[in-house]
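Architecture and fold: a report
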Amino acid sequence: MAVSLLPLVLSGVLAWYVGYILNQITNRNPKRPPIVFHWIPFFGSAISYGIDPYVFFHECRQKYGDVFSFVCMGRKMTAYLGVKGNDFLFNGKLADLSAEEAYSHLTTPVFGKDVVYDVPNHVLMEHKKFIKSGLGFPQFRSYVPLILNEMNAFLNTSPEFGPGKEGVADLLKTMPVMTIFTASRTLQGAEVREGFDAGFADLYHDLDQGFSPINFVFPWLPLPRNRRRDRAHNIMQQTYLNIIKQRRSSPENPGSDMIWTLMNSKYRDGRLLKEHEIAGIMIALLMAGQHTSAATIMWVLTLLGSKPEVIEMLYEEQKRVLGEGENFHVDFDKYKDLPLLNYVIRETLRLHPPIHSIMRKVKRDLPVPDSKMVIPAGSHLLAAPGYSATHEDFFSRAKEFCPERWGERPDDEENAEQIDYGYGLVSKGGSSPYLPFGAGRHRCIGEQFAFMHLTTIICKFVHDYSWTTVGKVPDVDYSSMVALPLAPVKIAWKRRD
Ligand code: HEM
């Protein structure tokens, strides 16, 4: 019986498959965005999108225009490219678009309950206000020497750098570690930094595995890596809870770090943050800043190493502003007088924004302006500001690393309309093709911290070393959650006399 049914089942499947393919070719509904043709149901365009999202977007744009849908691991995504697409997503109404429903399944197991995308949006906005109050100039001033101390200790003992006069360093191996040491010592406080010397790194790694692309689709699968993620989350949460208890019981103010800021923040109704909320926010900040900053510093160093003359221009700028020899002093208040360094960071983020796809779940049918198309409720909307930032329509020599272009270009964001979603004024960024930190209610609040962190790290590198990139500037590895340089990522360095 089973054997005689087999041909029937196979022909049923075949008929369904032929219908699936024909439907894509013939059934073009003008009220829906065109669907990118794909041979394999469920997987859809996952492979081309996953290998290089920008090439995929570019090819689709040529065929279908700025708005098109594609299937990716069972989800229907609608990409809206260009400046209009950026504005459509970042400034969409809360009732229309939800970041919470797009990301929560991935982030909540890592960050924990009652924070970030596991709370109603107005609570996230209050949390962002608390975090922002701990990211001010007084804190940044105190962080600069802490970062330099950590860098000295790391670079002098690292086998890739060490005390020698020259060498070759693997940035993929060294920069994530240096980033986590410096970011944790500043934002997270001395106790968390010490934890990284005593086993935190493994826990961090296990937690980080929660952000594997497979978890975008199947976050609750009982995989060993997800069990390790949950265990790591519990231990890290407990570590923060212990730190908070310890601090509450000791009358001494341990400084100006974020845990302290959150312990003293109150909701509009006067309630203090609960301890598990503080722990969750701290874990979220650790993860939000780590990959983005580590990726950026690797790109900065390799791009600069491909243009050593820019390193020497930075050295000259630094000598003028921060002093030379005995008089060299890295001072946060002088960062505004280092324009070339600022342009280098901006240009790096233009070419390699760590986050290539910004997503929202569509809650109500959304008409696309100036067209007949409607993006259906239940699908996902995607914007890619990195696409407009590297397109000739907006930047000449768009694929080249030209930091000096920022000296001539007006700051779109500074001139843009501002809006307050509950955590201070932010740019709507509606007409800007360059939005590496997003815009609107979900805009990044770590930008100034990231600039302080990156500026300090680059100042120290430029002061201590000259370097060149080994081989060509690496291609991009899109297989992790942020756009990393593809191995090998090495620089040949020489210590300055
Ligand atoms: C949001 C980029 C560093 C904390 C975002 C978003 C982007 C971004 C594009 C918007 C996401 C969306 O709209 O879905 C970056 C880049 C960084 C960086 C390029 C460094 C080069 C940091 C750091 C922190 C941080 C250091 C923490 C100190 C956050 C937070 C949000 C955010 C809390 C808000 C999430 C939301 O409201 O949904 N970031 N980020 N980021 N980032 Fe960053």
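Here, every reference points to the structure presented above.
The structure presented is a predicted model; accordingly, all values stated were derived computationally and were not measured. Within any chain, residue numbers begin from 1 and follow the written order of that chain's sequence. The model is predicted, so local features are restricted to residues of pLDDT at least 70 and side-chain atom pairs to those at 80 or more, both for listing and for counting; the totals for chains, interfaces and linings are taken over all residues. Remark: hydrogens and water are excluded; side-chain values derive from all non-hydrogen atoms of the structure.

A look at the overall build of the chain
- Working definition: helices are DSSP H or I runs of at least four residues, strands are E runs of at least two. Numbering for both runs from the N terminus. Counting its regular elements, the chain contains 20 helices and 14 strands.
- With the radius of gyration taken over C-alpha atoms, the globule rule is written as 2.2 Å times the number of residues to the power 0.38. The globule rule puts the C-alpha radius of gyration for 497 residues at 23 Å, and the 24 Å found for the chain is close to it.
- Based on the C-alpha atoms only, the size of the chain along its principal axes is roughly 85 × 55 × 50 Å.
- The buried label applies to any residue whose accessible area, calculated with a 1.4 Å probe on protein chains only, is under 20% of its type's maximum; exposed applies above 50%, and partly exposed to all values in between. Looking at the chain residue by residue over its 497 residues, the buried ones come to 53%.
- The long-range fraction of contacts in the chain, counting pairs at least 24 apart against all pairs at least 6 apart in sequence, stands at 70%.
- The charge count includes Lys and Arg as positive and Asp and Glu as negative, but it does not include His or the ends of the chains. A charged residue contributes its charge at one atom only: NZ of Lys, CZ of Arg, CG of Asp or CD of Glu. Of note, the chain has its 55 positive side-chain charges centred 6 Å away from the centre of its 54 negative side-chain charges. Note on contacts: a residue pair is in contact if any heavy atoms of the two residues lie within 4.5 Å.

Considerations on the coordination of the iron atom of the ligand
- Any N, O or S atom lying within 2.8 Å of the metal counts as a donor, with the limit raised to 3.2 Å for Na, K and Ca; because water is left out of the atom set, some sites can appear incomplete. One donor from the polypeptide reaches the iron atom of the ligand: C444 (SG), at 2.4 Å.
- Tracing the backbone shows C444 in the loop between β10 (425-427) and α20 (447-464).

Digging into the site of the ligand
- To be near a molecule or strand, a residue needs just one of its heavy atoms within 4 Å of it. Neighbouring the ligand are 25 residues; Y117, K128, R360, H442 and C444 lie closest to it.
- Between N or O atoms, a polar contact is any pair within 3.5 Å; within protein, one atom must be a potential hydrogen donor and the other a potential acceptor, and residues adjacent in sequence are included only when both atoms are from side chains. Note that an oxygen atom of the ligand is positioned 2.7 Å from one of the side-chain N or O atoms of K128.
- Within the side chain of H442, one N or O atom sits 2.6 Å away from an oxygen atom of the ligand.
- Take the shell around the ligand: its biggest share by element is five residues, from helix α14 (residues 275-305).
- Residues are grouped as follows: Ala, Val, Leu, Ile, Met, Phe, Trp, Tyr, Cys and Pro are nonpolar; Asp, Glu, Lys and Arg are charged; all remaining types, including Gly, are polar. Here the shell around the ligand is built from residues that sort into 16 nonpolar, six polar and three charged.

Digging into the environment of A294
- Mapped onto the elements of the fold, A294 is located in helix α14.
- According to the relative accessible area criterion, A294 is buried, its value standing at 5%.
- Along the sequence, A294 and L486 sit 192 residues apart, while their C-alpha atoms lie 14 Å from each other.
- Among residues more than four places away in sequence, those in contact with A294 are M175, P176, T179 and G289.

Digging into the environment of K334
- Here K334 is to be found in the loop between α15 (308-322) and α16 (339-351).
- Considered as a pair, K334 and I445 are 111 residues apart in the sequence and their alpha carbons are 22 Å apart.
- Aside from chain neighbours lying at most four places away, what touches K334 is V321 and L322.

Section: the pattern of salt bridges
- By salt bridge we mean one thing: a side-chain nitrogen of Lys or Arg within 4 Å of a carboxyl oxygen of Asp or Glu. Within the structure shown, the criterion is met by 26 salt bridges.
- Close ionic contact of D118 with K113 constitutes a salt bridge, the shortest N to O distance being 3.7 Å.
- For K336, the salt bridge goes to D337, with nearest N and O atoms at 3.9 Å.
- What makes K336 exposed here is its relative accessible area of 65%.

So, the packing of helix α12 (residues 224-249) against α14
- Fitted lines through C-alpha atoms serve as axes, helices being fitted only where they are in contact, and the angles separating the N-to-C directions of these axes extend from 0 to 180 degrees. Relative to each other, α12 and α14 sit at 120 degrees, their axes nearing to 9 Å. On the basis of the axis angle, α12 is oblique to α14. Once α12 is placed against α14, the crossing between them reads as right-handed. For the pair formed by α12 and α14, the contact residues are H233, M236, Q237, Y240, L241, I244, K245 and R248 on the first element and E275, H276, I278, A279, M282, I283 and L286 on the second. Oblique is the label for any angle not under 35 degrees, not over 145, and not in the 65 to 115 range, which are roughly parallel, roughly antiparallel and roughly perpendicular in turn. Here is the rule for handedness: rotate from the far helix to the near one, and if that takes an anticlockwise turn smaller than a right angle the crossing is left-handed, while a clockwise turn gives right-handed.

Considerations on the pairing of strand β14 (residues 490-495)
- Two strands are said to pair when DSSP picks up at least two bridges between them. Bridging between strand β4 (residues 166-170) and β14 involves five bridges; their strand directions are antiparallel. Its bridge partner lying in β14, D170 is registered against K490.
- Of the pairings in the sheet, the one linking strand β11 (residues 465-469) to β14 comprises five bridges and is antiparallel in character. By the bridge assignment, T468 is partnered in β14 with A492.

A short note on α14
- For α14, built from 31 residues, the straight-helix expectation of 45 Å at 1.5 Å per residue is met to within 8% by its first-to-last C-alpha distance of 45 Å.
- For α14, a buried count of 25 out of 31 residues is recorded, marking the element as mostly surrounded by other parts of the structure. Between the first and last residue of a helix there are one fewer steps than residues, each counted as 1.5 Å, and that sum is the expected span.

Quick notes on the packing of aromatic side chains
- In summary, the pairing rule links any two rings of Phe, Tyr or Trp, Trp by its six-membered ring, whose centres are within 6.5 Å, and it sorts them by plane angle into stacked for under 30 degrees, edge-to-face for over 60 and tilted for everything else. Summed over the entire model, instances satisfying the criterion amount to 33 aromatic pairs.
- Ring centres of F56 and F57 lie 6.1 Å apart, and the angle between their planes is 50 degrees; this geometry places the pair in the tilted category.
- On the basis of relative accessibility, which here comes to 5%, the residue F56 falls in the buried class.
- Residues F154 and F181 carry aromatic rings whose centres are separated by 6.2 Å and whose planes lie at 80 degrees to one another, so their mutual orientation is edge-to-face. With F154 in helix α7 (residues 137-157) and F181 in helix α8 (residues 171-188), the pair connects residues that are 27 residues apart, well separated along the chain. A single burial state applies to F154 and to F181, both of which are buried.
- An aromatic cluster of at least three residues, connected via ring pairs, comprises Y49, Y54, F56, F57, F70 and Y478.
- In this analysis the charged atom, NZ for Lys or CZ for Arg, is taken to sit over a ring once it is within 6 Å of the ring centre and within 35 degrees of the ring normal. Over the ring of F181 we find R193; its NZ or CZ atom is 3.9 Å from the centre of that ring.

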